[in-house]
Amino acid sequence: MKKILIIHGNRQTGELLQGRISKLQKAVNKEYNLKFVAPDAPFFFADGDEDMEESCHNNDSISFSEWQRTWWHRNGNNYIGLEESLAKIQQLWDDDADDDGNFVGILGFSQGSRLAHFISLLHTVTNGIAFKGLQSVVHVSGYHNPIPPELLMYAKECHYLEEYCDKIIKEDVTISIPSLHVMGEIDQLIPLQSSEELLAFYSNPSIHLHPGGHHVPVKARDIEQYLMFWRKLPMVDESVESNAQQLSPDEDHAQAQIDEVSALSQIFPSEFTLLSETSFLDPDNADPEDYSAECRNYTYPIRYTILLQPEDEMQQEELWPPKDVALHVEYPEQYPDCSPIISLQHEMNYLEFSINQTNLLMKTLKMAMKDEEGMPCVMSLVYAARDFFADGGLAKATASPTPGEGSVSEDVPVDDSVQDPSGTSSLPPSSDARIKECRQQGWLIACKMLDEYNKSKSNNTGGKGGSWKTFIIGLVGKPSAGKSTFFNAATAFARQRNGMPTSKNNKDDKVLGGAAIDVYLKSDPMNYMRQASYPVNVGIKVYS
């Protein structure tokens, strides 16, 4: 039996995490011969650890350090004890390979995800020598920080790893192990931005964004995402013998499902791809394009993909993603009385097709499913996706800031409760040297502007009362990024003069602070979106 290594988070135990994901274990046992193994970290949590937060716990008399475990004691970028944790995992990995099976994958949560990343990195730089047989990794609430020196110390202690030390410290190593990255929309401990930074180290990472906080999600939709990820891999054994029979729908539902598949194959002949196995009733006279029940026997559940393409090919470059996106569909037993299980399949990285764009498209598709509940709905989903792209959905998603942006220093105690989504995280403060540099640059810009104005004024020979000139400064940035602060700095000289009239004909109507601020959209928002991250441009008119 093949195995998945479950690595718990900080201030947890293997038994505790395994109990919380028991639903996932049951689903895996139902479909595959995969066993979860969840060891305990070798260290007790110490009161002096940097990431202690008593407020997340109740006031039981027992000291939490007596049962809570940690994979290392964090002190800045030092992971004290990391070498022992890696050695323990490697020993477990090697011992079980000679026992009743072998490890083929890892699921790591929070601090456990960080350890899983180290294991994946060692496996990659050693060309599979370390942690032999690793075929997949699932990061739940993962994050990235600089490589700690203890990882190099471990490599030097293991003589077979010593020659790879130079590769370990490089930040440009790409891990080709298939990876699934699970992130919580309202995770206040590991913000989305921190999890997204980890994506850059993996080739074609899969992403699952769930609406919860800092925990391993195990609702039905979440479990399907794990199973879909593992189904694509060669690591799973043959399905449990009775599985196909258990998932078979009754005759009425089966006929409705096959009828829709047959219709979709005719409506979208070049976009439709059937993934489920079928057999022809009459192989000698079979029509490969006939998906009806009169031509084929189906295995269940029925799965297929439909490539999402614009009806007007001229839209592709301007409104659609740069690479192909397909809608993956799986029928539950009771479909069409219930909604199908859907997901998006593509080979784009998160810069080409962002999490916000994926999330907004999935939200659109789920609304369409709700409207068609109780009826075959996949054709409606395809057209809803087309409308999403045609109506500028990618631009709208890019304009919406990702919630929970920030950085992470170390994961703190696990809190499975729903967290307040209103929490905000600020940008890291600038250094004194950087602030001084920016002020000097601003001063030079202001002097140049005044110099140009004086030249234009000296060349002006007509009119009474001299001349005045308007400078337009364009600002682009996220909410609260400092646009107003820059505005105030840019208009400081004007404010000292108690403002200027809005026009020469209306001298009593003065602009507050001597400047005006306009918020507008570019006339060509789609072209603008390819040049900037956000579609709102702020124009500042400074009257000198």
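As shown above, the structure is provided for reference.
Residues numbered from 1 in each chain as written. Predicted model: local features only at pLDDT ≥ 70, side-chain atom pairs only at ≥ 80, totals over all residues. Heavy atoms only, no water.

Caption draft 1: Structural view of the overall build of the protein chain. Along the backbone of the protein chain there are 18 helices and 21 strands. The buried share of the protein chain, taken over its 544 residues, is 47%. A fraction of 73% describes how many contacts in the protein chain between residues 6 or more apart in sequence connect residues 24 or more apart. For the protein chain, the exposed surface amounts to about 28100 Å²; the carbon and sulfur share of it is 50%. (Helix = DSSP H or I, 4+ residues; strand = E, 2+ residues; numbered from the N terminus. Buried < 20%, exposed > 50% of the residue type's maximum accessible area, 1.4 Å probe, protein only. Contact = heavy atoms within 4.5 Å. Areas by Shrake-Rupley, 256 points an atom, 1.4 Å probe, with all protein chains shown as cover.)

Caption draft 2: The arrangement of helix α4 (residues 111-125) in detail. A rise of 1.5 Å per residue sets the reference length of α4, with its 15 residues, at 21 Å; its end C-alpha atoms lie 22 Å apart and thus fit the reference within 8%. By the criterion of burial, α4 is predominantly enclosed, with 15 of the 15 residues buried. Downstream of α4 by a residue or two, Asn 127 has a phi angle that is positive, lying close to 55°. (Expected span 1.5 Å × (residues − 1).)

Caption draft 3: Representation of the sheet that holds strand β15 (residues 325-330) in the model. If you trace the four strands from one edge of the open sheet to the other, you get β11-β14-β15-β16, paired in antiparallel fashion. Looking at strand neighbours, the two that pair on one side only are β11 (272-274) and β16 (341-346), the edges of this open sheet. On average, each strand axis in the sheet is inclined to that of its neighbour by 25°, with strand direction left out of account. For β11 and strand β14 (residues 303-308), the ladder comprises three bridges, and the chain directions are antiparallel. Pairing of Thr 273 across the sheet is with Thr 305, part of β14. Where helix α12 (residues 355-371) meets the sheet, its contacts fall on β15 and β16, and the angle it forms with β16 comes to roughly 150°. (Pairing = 2+ DSSP bridges. Axes fitted to C-alpha atoms, helices over the stretch in contact; angles between N-to-C directions.)

Caption draft 4: Layout of a negative patch on the surface. A surface patch of negative charge is lined by Asp 250, Glu 251, Asp 252 and Asp 337. Inspection of the secondary structure puts Asp 252 in helix α10 (residues 251-267). (Patch = residues over 30% accessible without salt bridge, like charges linked within 9 Å, V, L, I, M, F, W, Y side chains within 5 Å. Salt bridge = Lys/Arg side-chain N within 4 Å of Asp/Glu carboxyl O. Lys, Arg positive; Asp, Glu negative; His and termini not counted. Charge placed at Lys NZ, Arg CZ, Asp CG, Glu CD.)

Caption draft 5: Focus on unusual backbone geometry. Pro 301 follows Tyr 300 through a cis peptide bond whose omega is 0°. Position of Pro 301 relative to the elements: it lies in the loop between β13 (296-298) and β14. Across the junction of Tyr 335 and Pro 336, the peptide omega takes the value 15°, indicating a cis bond. With phi around 60°, Ser 110 is a residue other than glycine that occupies positive phi space. What makes Ser 110 buried here is its relative accessible area of 1%.

Caption draft 6: Local environment of the sheet that holds strand β9 (residues 179-184). Spatially, β2-β1-β7-β8-β9-β10 is the arrangement adopted by the six strands of the open sheet, whose pairing is parallel. Each having just a single partner strand, β2 (34-37) and β10 (206-210) make up the two edges of the open sheet. In this sheet, neighbouring strand axes are inclined to one another by 15° on average, regardless of whether the strands run parallel or antiparallel. Relative to β2, strand β1 (residues 2-7) runs parallel, the two sharing four bridges. Paired with Lys 2 across the two strands is Leu 34, which belongs to β2. Across the sheet, helix α7 (residues 192-199) lies against β8 (136-140), β9 and β10, angled at about 170° from β9, the strand it touches most.

Caption draft 7: Just the pattern of salt bridges, in detail. Taken as a whole, this structure holds five salt bridges when the rule is applied. One salt bridge connects Arg 231 with Glu 330, and the closest N-O pair in it is separated by 3.3 Å. Taken together, the positions of Arg 231 in helix α8 (residues 220-231) and Glu 330 in strand β15 put the pair 99 residues apart, joining distant regions of the chain. Taking the relative accessible area as the measure of exposure, Glu 330 reaches 6% and is therefore buried. Between Glu 352 and Lys 323 there is a salt bridge whose closest N-O contact spans 3.6 Å. With a gap of 29 residues between them, Glu 352 in the loop between β16 and α12 and Lys 323 in the loop between α11 (316-319) and β15 connect regions that are remote in the sequence. The class for Glu 352 is partly exposed, based on a relative accessible area of 28%. You can call Lys 323 partly exposed: its relative accessible area is 40%. Here the salt bridges do not stand alone but share partners, grouping Glu 224, Arg 231, Arg 303 and Glu 330 into one network.

Caption draft 8: Fine view of the layout of surface pockets. Of the voids in this model, the largest pocket is the one considered here, and its volume is about 1400 Å³. As for the largest pocket, its lining consists of 45 residues, of which Ile 207, His 208, Leu 209, Gln 225 and Ser 343 are closest to the centre. At the level of elements, β9, β10, α8, β16 and α12 are the ones that each hand at least two residues to the lining of the largest pocket. Counting residues per element, the lining of the largest pocket draws most heavily on α12, at eight residues. (1 Å grid on protein atoms, 1.4 Å probe; cavity = no way out; pocket = protein on both sides within 12 Å on 5 of 7 lines; lining within 4 Å. Points joined across faces, edges and corners; volume = space filled by probe spheres on them.)

Caption draft 9: Inspection of the nonpolar core at higher detail. Among the nonpolar cores identified, the biggest contains 40 residues, and Ile 106, Leu 115, Ile 119 and Leu 151 are the most heavily contacted of them. Where this core is concerned, the elements lending two or more residues are β1, α3 (82-97), β7 (103-109), α4, α5 (149-157) and α6 (165-168). Residue contributions to this core peak at seven residues, all from α4. (Core = buried A, V, L, I, M, F, W, Y, C linked by side-chain atoms within 4.5 Å.)

Caption draft 10: View of the packing of α12 against helix α13 (residues 378-390). As a packed pair, α12 and α13 sit with axes 9 Å apart at the nearest point and diverge in direction by 140°. Viewed along their axes, α12 and α13 adopt a mutual orientation that is oblique. Here the hand of the crossing between α12 and α13 comes out right-handed. Residues Gln 357, Leu 360, Leu 361, Thr 364, Leu 365, Ala 368 and Met 369 of α12 pack against Leu 381, Ala 384, Ala 385, Phe 388 and Phe 389 of α13. Looking at the contact of α12 with α13 residue by residue, the class counts come to ten nonpolar, two polar and no charged. (Parallel < 35°, antiparallel > 145°, perpendicular 65-115°, else oblique. Left-handed = near helix turned anticlockwise from the far one by under 90°. Nonpolar A, V, L, I, M, F, W, Y, C, P; charged D, E, K, R; others polar.)

Caption draft 11: Geometry of the packing of helix α2 (residues 22-31) against α8. Between α2 and α8, the least distance of the axes is 10 Å, while the angle of their chain directions is 40°. Between α2 and α8, the interaxial angle falls into the category oblique. Where α2 crosses over α8, the handedness of that crossing is right-handed. Along the contact surface, α2 presents Lys 23, Leu 24, Ala 27, Val 28 and Glu 31, while α8 presents Ile 223, Tyr 226, Leu 227, Trp 230 and Arg 231. Counted by class, the contact of α2 with α8 contains seven nonpolar, no polar and three charged residues.

Caption draft 12: Spotlight on the state of the cysteines. Counted by the stated rule, this structure contains zero disulfides. Of the cysteine sulfurs around Cys 377, a residue in no disulfide, the closest is that of Cys 338, at 9.5 Å. (Disulfide = S-S within 2.5 Å.)

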